[in-house]
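Structure at a glance
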Amino acid sequence: MSTAQHLLDSRPHSIAHLFLDRVAATPEREAYRYPVPVAGAEEWRSLTWAETARRVKAIAAGLLDLGLGSEERVAIASSTRVEWILADLGVMCAGAAATAIYPSTNADETAYILADSDSRAIFVENAEQLAKVTAHKSELPRLGHAILFDPAGDESSDGGAVDGLDVLTLAELERRGAERLARDPDAVEATVRAIEPEQLATLIYTSGTTGRPKGVRLVHDCWSYQAAAQEATGLVLPDDVQFVWLPLAHVFGKALVAGQVQSGHVMAVDGRIDRIVSNLPVVRPTIMASAPRVFEKVYNGVAARARAEGGARYKIFQWAARVARDHARTGQERVVATGRRSVPLSLAVRHAVADRLVYGKIRAAFGGALRGSASGAAALAPDIGYFFAGAGVKVLEGYGLTETSAACTVNPIDDCRVGTVGKPLPGTEVRIAEDGEILLRGPGVMRGYHNLPDATREALDDDGWFRTGDIGEVDEHGYVRITDRKKDLFKTSGGKYIAPTEIEGRFKALCPYVSNVLVIGDGRNYCTALIALDEAAIRGWAAGAGLTGPGGASTYAEIVASPAVHELVDGYVRRVNADLQRWQTVKKFAVLPRDLDVEHGELTPSLKVKRPVVEGAYADLVAAMYEGAREA
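What you are looking at is a predicted structure, and each value in this text was computed from that prediction instead of being measured.

Next up on the list: the side chain of E403. Here E403 is to be found in the loop between β15 (395-401) and β16 (406-410). Here E403 sits buried without a salt bridge, and the closest side chain of opposite charge, K214, lies 5.5 Å off (N-O distance). Sequence-distant contacts of E403, that is, excluding residues within four places in its chain, are made with T206, V216, G444, V445, M446, Y449 and F466.

Here it is as C-alpha cells:
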C-alpha cells in the first residue's frame, strides 16, 4: 500500500480527533505565531500545541456550557487572526458546526446567513461586527450568544445583554469553560469521541455574483480528507513555517488550517493585507498560499521600481525577466517531452548572471526561505507564472471550489507546470463532460447546499459527480488545465466564442500598471475592456512622466483620466491585440476612475472579480464604447 493511500485510509473521523492527536504527539512544539501591539510597537508571540489545546478545550467546554450541541451552528465573523483558528477548533471540539462569515459582509447579508444557517451563537471580532448582528436581532430569535474577541472596555468583564443577545468576551467564555472542565475533565474528549465523519462541520456561504449566497455543507470527513491529501502530496512538512493572511472565512483558509494540524508545522497568522510585504522578511515562510493578485502586484511593483531607477537598471530588469521566462518555459517543455528538466548552456549562463543581479532580491522579498507558494481562487497569467518560476519562486497553481472543500488539484512541488492547475489530489477523480465541463468526485466534495435540495440536485448527480461550471482538459500526464468559466464564456454577435480570462491574463502579464481588467463582448459585435490601474505603479509612472507636481494632476482619478495615461494603456492594448485572432481583439477600452475593491462589492473576499457587478456599475462607460457600433 502506498504512503498516500495509507494516509487516506487511516484518516481520523474529524479534525477535532486529529487536533487532539497532534497535541499528544508534539505538545511542546510551536503551533502558532501572531502579532500583538506592545508599547506603541509590535511583536510576534507564539503558542505551543499544548498551550493551544488549553485554550481550544476551554472554548469548546464554554460552548458546551452555553448549551450548544451536536451540529448546532456557531458563526464566526472576524478577520484572519489566531483567535479565529482557536474559535473554529473550539467549535469542532464541541461537536458543533461553524458558519463562516466574512468581516466585509454587510449587516443585511450577515443577518441572512445567520438566519438561514440557524446559528445559535456567534464569535465577533469587535463592536463593529457585533453591531451588524444587533441591528437585525429581531429577525434572529434563535441566536442567543455573541462572544467578542476585542471587547471595548475591560477584557475581564462579561459583556452582559445587548438587545436580547447574551454578550460575553472570549476571555469570559474560556473562564466558563475552565470551570466546566474542573467539574468534568473528560467533557471535551468525550464529545470528540462521539463525532462521526458525516457530521456537519462547516457551513460556508458562496459569495455569488447575483442573488443570495448558498450555504455549502462540508462534513468532518471533508476536512480530514483535505488534511491527509495535503500531507500525501508533500505540500506541507513538519518543519515548515506557513504565513497565512488569506480570509479564514474562505474555504482556502480553512483547508490550510486542516493541513497544518495534520503536519504540525508552524503557522504565522496575520490577515492585514497592508502588512503582507513587511511581514514576509519577519516571518520568513517556507510555504504560503495566495491569490494571483498578490503575485501580479509584486511583479508590477518590481517592474515599476526598476523603471523608476532609470534606463540601465530598467533594461537589466527587462532582460532578466525575459531570461526568467525563457529558462522556466524551456525547462518545462523539455521535462514534458523527455522527462528531464534541462536548458541549453547559453541560457543557463544568462540565468546565473540574472540570478545574481535580480532574482536573489525577488526571493529575499518573500523572506528568502520560500520553497513553494500555492495559488488559487483565480487563474495566474502564464507569463507571470513563468517569470516567478524562472526567478526561483515556485508558484504552485491549484484548483478547487467552496463545494470541494478547497483544493482538488494542485501542482506537485517537484514538477510544477505553469499554465496548469496540477494533478488531482489522491482520492479525487476528475472527468471531462462532453461539453468540456470539469466534473469532480471524491471525499472533499460537499454533501449539498443547505436548505436547497433543487440546487443540490442540479450540482451533484446520482453518482456523486459535482458539476464545477468550469471548462477544461486533462493532458496525457494527468495535469488539469482550466480554459474558462462555463458561465463566463461568451459569444459575439458574429457567432465567435470568446474566453475573456485568456485575454485578461495576457494583458496582466504585459502591462505592469494594470490592477484589474474585464473583457466584455457578449452578444456584441466586438470586444471592449474596462481597465483599472494599480495606484502605486501608475503614480510612479506619472511622476516620471511629469504629470504630477505643481499645476499637474494630483489625485488618482485625475492621473488616469489624462490623455498620456490613455496613450500608455493603448500601447499595451495594441501589443496584446497583435497576438490575438481578429474577433478576439479589444477594439475600445475605458480606464476606470478607481480600482475595483471588496468594499464596493466588485471583488469577492478572495479577490475574484464579480463581472455582473462591475458591468452594472460602469454600464454608462460600456454603453459609450458601443455607441453607433458597427463591425470593426
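Here we have 9 strands laid out as an open sheet, ordered β2-β1-β12-β11-β13-β14-β15-β16-β17, and mixed in their pairing. The open sheet has two free edges, formed respectively by β2 (41-48) and β17 (423-424), since each of these has just one partner strand. Two strands pair when backbone bridges link them, and β16 and β17 are joined in this way by 2 bridges, in the antiparallel orientation. Within the sheet, the bridge partner assigned to V410 lies in β17 and is K423. Most of the contacts of helix α3 (residues 49-65) go to β2, to which it runs at about 85 degrees, and overall it touches β1 (30-38) and β2.

In this section: empty space enclosed by the protein. In the structure shown here, the tally under the stated rule is 4 cavities of 30 Å³ or more. Computed from the structure, the largest cavity encloses a volume of approximately 60 Å³. Around the largest cavity, the lining residues are I503, F507, V517, V519, A529, I531, V573, V576, N577 and V586. Of all the secondary structure elements, the ones that give two or more residues to the lining of the largest cavity are α17 (500-510), β24 (514-520), β25 (527-533) and α20 (563-577). Ranked by residue count, the leading element in the lining of the largest cavity is α20, at 3 residues.

With that out of the way, let us pick up the confidence of the model for the protein. For the protein, per-residue confidence averages 89 on the pLDDT scale, and 95% of positions sit at 70 or higher. Counted against residues more than four places away or in other chains, residues 154-158, with its pLDDT under 50, gives 10 contacts.

For the pair helix α12 (residues 292-308) and helix α15 (residues 382-390), the least separation of the axes is 11 Å and the interaxial angle reads 70 degrees. Looking at the two axes, α12 sits roughly perpendicular to α15. Between α12 and α15 lies a crossing of left-handed hand. The segment α12 lies against α15, with F295, E296, V298 and Y299 engaging I384, F387 and F388. In terms of residue class, the contact of α12 with α15 is made up of 6 nonpolar, no polar and 1 charged.

Moving on to the nonpolar core. Counting 122 residues, the largest nonpolar core has F19, Y32, L63, F123, F317, F366 and F388 as its most contacted members. For this core, the element with the highest residue contribution is helix α4 (residues 82-93), accounting for 9 residues. Each residue touching F317, except ones within four places of it in the same chain, is listed here: Y299, V302, A303, A306, V358 and F387.

Across the two faces of strand β11 (residues 241-244) the burial is the same, with V241 and F243 and Q242 and V244 all buried. Bridging between β11 and strand β12 (residues 266-269) involves 4 bridges; their strand directions are parallel. Its bridge partner lying in β12, Q242 is registered against M267. Note that the unit made of β11, helix α10 (residues 251-263) and β12 has a crossover that is right-handed. Sheet topology note: the β11/strand β13 (residues 287-290) ladder contains 2 bridges and is parallel. If you follow F243 over to β13, its bridge partner there is M288.

So, on to the pairing of strand β3 (residues 73-77). Counted residue by residue, β3 has 5 buried out of 5 residues, so it is predominantly covered. Burial along β3 is two-sided: the residues R73, A75 and A77 and V74 and I76 are all buried. In terms of strand pairing, β3 meets strand β4 (residues 97-101) through 5 bridges, oriented parallel. Residue pairing for β4: V74 is matched across the bridge by A98. In this fold, β3 hands off to α4, which returns the chain to β4; that crossover is right-handed. Note: β3 against strand β5 (residues 121-124), 4 bridges, orientation parallel. Residue I76 lies in a different strand from β5, and its bridge partner there is F123.

Conventions used here
Residues numbered from 1 in each chain as written. Predicted model: local features only at pLDDT ≥ 70, side-chain atom pairs only at ≥ 80, totals over all residues. Heavy atoms only, no water. Helix = DSSP H or I, 4+ residues; strand = E, 2+ residues; numbered from the N terminus. Buried < 20%, exposed > 50% of the residue type's maximum accessible area, 1.4 Å probe, protein only. Lys, Arg positive; Asp, Glu negative; His and termini not counted. Salt bridge = Lys/Arg side-chain N within 4 Å of Asp/Glu carboxyl O. Contact = heavy atoms within 4.5 Å. Pairing = 2+ DSSP bridges. Axes fitted to C-alpha atoms, helices over the stretch in contact; angles between N-to-C directions. 1 Å grid on protein atoms, 1.4 Å probe; cavity = no way out; pocket = protein on both sides within 12 Å on 5 of 7 lines; lining within 4 Å. Points joined across faces, edges and corners; volume = space filled by probe spheres on them. pLDDT = per-residue confidence, 0-100. Parallel < 35°, antiparallel > 145°, perpendicular 65-115°, else oblique. Left-handed = near helix turned anticlockwise from the far one by under 90°. Nonpolar A, V, L, I, M, F, W, Y, C, P; charged D, E, K, R; others polar. Core = buried A, V, L, I, M, F, W, Y, C linked by side-chain atoms within 4.5 Å. Right-handed = clockwise from strand over helix to strand, strands pointing away.

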